[in-house]
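Per-entry structural report
Take a look at the letters that make up each chain.
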Amino acid sequence: MTNRVKRVFVLFVIASLIIACSTDTATDPNDPKFDVPEEGISFNLNTTFQVIDHFGASGGFQDQWVGKWPEATKNEVAKLFFSTETDAQGNPQGIGLSLWRTIIGDGAADQSNSGFSASNWFRETECYLSPDGTYDWTKQAGEQWFMSKAKEYGVDKFTAWATAPPYFMSKNGYVFSTPDVTTFNCDPDKYDDYANFLADVVKNYENKGFNVVTVCPFNETQYEWNAEVGSAQQSGTRATNAEVATVTRIIDGVFTQKGVNAKIMIPEAAQLKYLFEGSGNTVNQVNTFFNSSSPNYIGDLPNLSSHIAGHSYFSNGTTSESLRQRKTLNTALSSHGLDYWQTEYSLLGTAYQQGKDVSTFAEIDYALWMSRIIHTDLVFGNATGWSFWTALNRSTFGDHPYRFNLVLYQPNANNPSHTDGTFKDNKLLWTLGNFSRFVRPGMVRFEVVDPDYSDATSVENFMISGYRDVSNKEVILVFINNTDASRDIPLENYGVDFEVVNDTFEAYTTSTGSNLRKSIMQHDGISIPSKSIVTLKATLK
């Protein structure tokens, strides 16, 4: 072969290789044959968890004031909390709470000198009982109005709690602790009086037709609630586990004697971790009260509730810790046949900031954080009940209006004698409504599998939970999109394991520009906007 022929042959081979490489798609990453099929989200309706008991809110210390405002004003506030009606376009007019939490007043408002600072007048409560032993059932009129209005709207569950015994039963004459009172601020010889007081108040409510399901005689007993006279901000008392057990045994006997239907809810812990860990005399309360070998065992009392209350404050510093606390609590309660009610949460502390500058926050950012806490309590803590603290608040300091209330109210005078005021709904209201308005008592939570996220990454980015009503085949899906991008939702097992009537979902969206606004989504066209909470509702075929 001549050199010329050799050169032609080599050029031919090179050209052939170039052509082959340009046409061979064997290693082309864009070739569809190398696509990994997109996995959709699976809803496993037959893999079920807890049965939902309620979503609620606390009137706190403040419904006593708004509840005495003119009818027109306070009726509009009540509609926001309790209504399940819709407007002409199908948008909810209220969030349909299914439980209302009311305080049993301790009488600070009845004292000539309550020991509270002047600016905290709105946290002073009346007491039905007087020091002479007589009852005045016209007191706490504002609280009673909200209870009546809730019942009128169809709310059939109430829970009551006391932050402290009446001042005239206390060791120091006040409803908060002073430096000389380091444990339960009630004279031991008044324990019977306290038990009878609680029984009488709850029985009065029951006689008026209120279904008071639980009463908690102790609230956040881990804290000292210590203040100098004249500077107290609210009522409260520390109590050791031994004191809680002793007094609860007395209350149990009195409830039996007086035929009280409500159950005693013990404990109501200031933080979730206090329920299952710690070595002090106010913590590790589930084991202390429900382990039969404990000296403070009260699990066999006939009037004790099987619902254990805790507050989700300060349990969310990191995602891993947030999930650890819920999972550990769930395990601890399950071993004793108990379940978890989250009875107080608002955006206390700084965890909600997530290391960001709050001056950059929009109102929806606060709502997304709260929805994240609701989701973790429900999905990882298996909570059967969830309540916000507080339904009403008046603080306008900094970003408080977006953290501590469902409805922000402003009285027309900054003192107890004010006669009216104004109010404004908060994005937190409608976010709670994404759950409370649609996830109704008796619904059961079912398994949702999202292949795109682990437990931790889902909580930080995109959360989904599912609920169904086995009696009427209603199915509810709650999506929380904390990302900056919308997300389409392919349903992996639709048409195989489940279908919905007309292949259609009603969608209710809370976002920057929407408060539970209704729309319609087809089963194959579900899209969750960025920075939003969306509830889908449908009926199973």
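Residues numbered from 1 in each chain as written. Predicted model: local features only at pLDDT ≥ 70, side-chain atom pairs only at ≥ 80, totals over all residues. Heavy atoms only, no water.

**Re the overall build of the protein**
Summing up its helical and strand segments, the protein has eleven helices and 21 strands in all. Overall, the C-alpha framework of the protein stretches about 125 × 55 × 45 Å when taken along its three principal axes. Sorting the 541 residues of the protein into buried and exposed places 57% on the buried side. Total accessible area computed for the protein in this model is approximately 21,800 Å², and 49% of it derives from carbon and sulfur atoms. Side chains of the protein give 42 positive and 61 negative charges; the mean places of these two sets differ by 4 Å. (Helix = DSSP H or I, 4+ residues; strand = E, 2+ residues; numbered from the N terminus. Buried < 20%, exposed > 50% of the residue type's maximum accessible area, 1.4 Å probe, protein only. Areas by Shrake-Rupley, 256 points an atom, 1.4 Å probe, with all protein chains shown as cover. Lys, Arg positive; Asp, Glu negative; His and termini not counted. Charge placed at Lys NZ, Arg CZ, Asp CG, Glu CD.)

**Re the nonpolar core**
Formed by 120 residues in total, the largest nonpolar core has its most connected members in Phe81, Trp100, Phe146, Leu406 and Leu432. Taken domain by domain, the makeup of this core includes at least three residues from each of domain 1 (53-445) and domain 2 (461-539). (Core = buried A, V, L, I, M, F, W, Y, C linked by side-chain atoms within 4.5 Å. Domains from an automatic or database assignment.)

**So, the sheet that holds strand S11 (residues 392-393)**
The strands making up a sheet associate through hydrogen bonds between their backbones, and the pairing can be parallel or antiparallel. The sheet built from three strands is open, its strands ordered S11-S12-S13 with mixed pairing. Strands with a single pairing partner mark the edges of an open sheet, and in this sheet they are S11 and strand S13 (421-425). With two bridges joining them, S11 and strand S12 (residues 407-411) adopt parallel strand pairing. Bridged to Asn393 within S12 is Leu408. (Pairing = 2+ DSSP bridges.)

**With respect to the environment of Phe446**
Tracing the sequence through the fold places Phe446 in strand S14 (residues 444-449). Residue classification places Phe446 among the buried positions, given a relative accessible area of 1%. The sequence separation of Phe446 and Gly466 amounts to 20 residues, and the corresponding C-alpha distance is 5.5 Å. Setting aside anything within four residues of it in sequence, one finds Phe446 in contact with Phe43, Asn44, Leu45, Thr47, Thr48, Phe49, Gly466, Tyr467, Arg468, Val475, Ile476 and Leu477. (Contact = heavy atoms within 4.5 Å.)

**Thoughts on the domain arrangement of the protein**
In terms of domain boundaries, the protein breaks down into domain 1 (53-445) and domain 2 (461-539). The gap between the C-alpha centroids of domain 1 and domain 2 is 31 Å. In this complex, domain 1 contributes 25 residues to the contact, which on the side of domain 2 involves 29 residues. Contact between domain 1 and domain 2 buries roughly 2,400 Å² in total, counting both sides, with carbon and sulfur atoms accounting for 67%. When the buried surface of domain 1 facing domain 2 is broken down by residue, Leu368, Asn434 and Phe438 rank first, second and third, together holding 25% of it. (Buried area = accessible area lost by both parts, 1.4 Å probe.)

**Observations concerning the side chain of Thr102**
Here Thr102 lies in strand S3 (residues 99-103). Contacts of Thr102, omitting those with residues within four sequence positions, involve Glu143, Met147, Thr159, Ala160 and Trp161.

**Some details on the packing of aromatic side chains**
Under the criterion given, the structure shown has 37 aromatic pairs. Look at Phe81 and Trp100: their rings are 5.7 Å apart centre to centre, the planes differ by 35°, and that puts the pair in the tilted class. You can see Phe81 sitting in helix H3 (residues 71-82) and its partner Trp100 sitting in strand S3, a full 19 residues away along the chain. Accessibility assignment for this pair places Phe81 and Trp100 in one class, buried. Centre to centre, the rings of Phe438 and Tyr508 are 4.6 Å apart; their planes meet at 35°, and the pair counts as tilted. Of this pair, Phe438 sits in the loop between helix H10 (427-436) and S14 while Tyr508 sits in strand S18 (residues 504-511), placing them 70 residues apart in sequence. When its relative accessible area of 3% is taken as the criterion, Phe438 is described as buried. (Phe/Tyr/Trp six-rings, centres within 6.5 Å; stacked < 30°, edge-to-face > 60°.)

**Structural notes on the packing of helix H8 (residues 319-334) against helix H9 (residues 363-379)**
Where H8 contacts H9, the two axes come as close as 9 Å, and the packing angle between them is 40°. Facing Thr319, Ser322, Leu323 and Arg326 of H8, the residues of H9 in contact are Arg372, Ile373, Thr376 and Asp377. Counted by class, the contact of H8 with H9 contains two nonpolar, three polar and three charged residues. (Axes fitted to C-alpha atoms, helices over the stretch in contact; angles between N-to-C directions. Nonpolar A, V, L, I, M, F, W, Y, C, P; charged D, E, K, R; others polar.)

**Section: the pattern of salt bridges**
Within the structure shown, the criterion is met by 21 salt bridges. Here Asp452 makes a salt bridge to Arg487, at a shortest N to O gap of 3.0 Å. Note that Asp452 is positioned in the loop between S14 and helix H11 (455-460) and Arg487 in strand S17 (residues 487-488), a separation of 35 residues in sequence. Overall, Asp452 belongs to the exposed group, its relative accessible area being 52%. The network of salt bridges with shared partners includes Arg101, Glu268 and Glu344. (Salt bridge = Lys/Arg side-chain N within 4 Å of Asp/Glu carboxyl O.)

**Describing the confidence of the model for the protein**
Confidence in the prediction for the protein averages 94 pLDDT; 93% of positions are at 70 or higher. Throughout residues 2-25 the model reports pLDDT below 50, and contacts reaching past four residues in sequence, or to other chains, amount to three contacts. Residue range residues 32-37 is modelled with pLDDT below 50. Its contacts to residues more than four positions away, or to other chains, number three contacts. (pLDDT = per-residue confidence, 0-100.)

**Some points on unusual backbone geometry**
With an omega of -5°, the peptide bond between Ile266 and Pro267 qualifies as cis. Even without being glycine, Lys473 reaches a positive phi, approximately 65°. Relative to the elements of secondary structure, Lys473 occurs in the loop between strand S15 (462-469) and strand S16 (474-481).

**Digging into the packing of H9 against H10**
At a minimum axis distance of 9 Å, the contact between H9 and H10 shows a crossing angle of 30°. Here H9 runs over H10; the crossing is right-handed. On H10, the residues that touch Glu363, Ile364, Tyr366, Ala367, Met370, Ser371, Ile374 and Leu378 of H9 are Lys427, Leu428, Thr431, Leu432 and Phe435. Taken together, the residues of the contact of H9 with H10 break down into nine nonpolar, two polar and two charged. (Left-handed = near helix turned anticlockwise from the far one by under 90°.)

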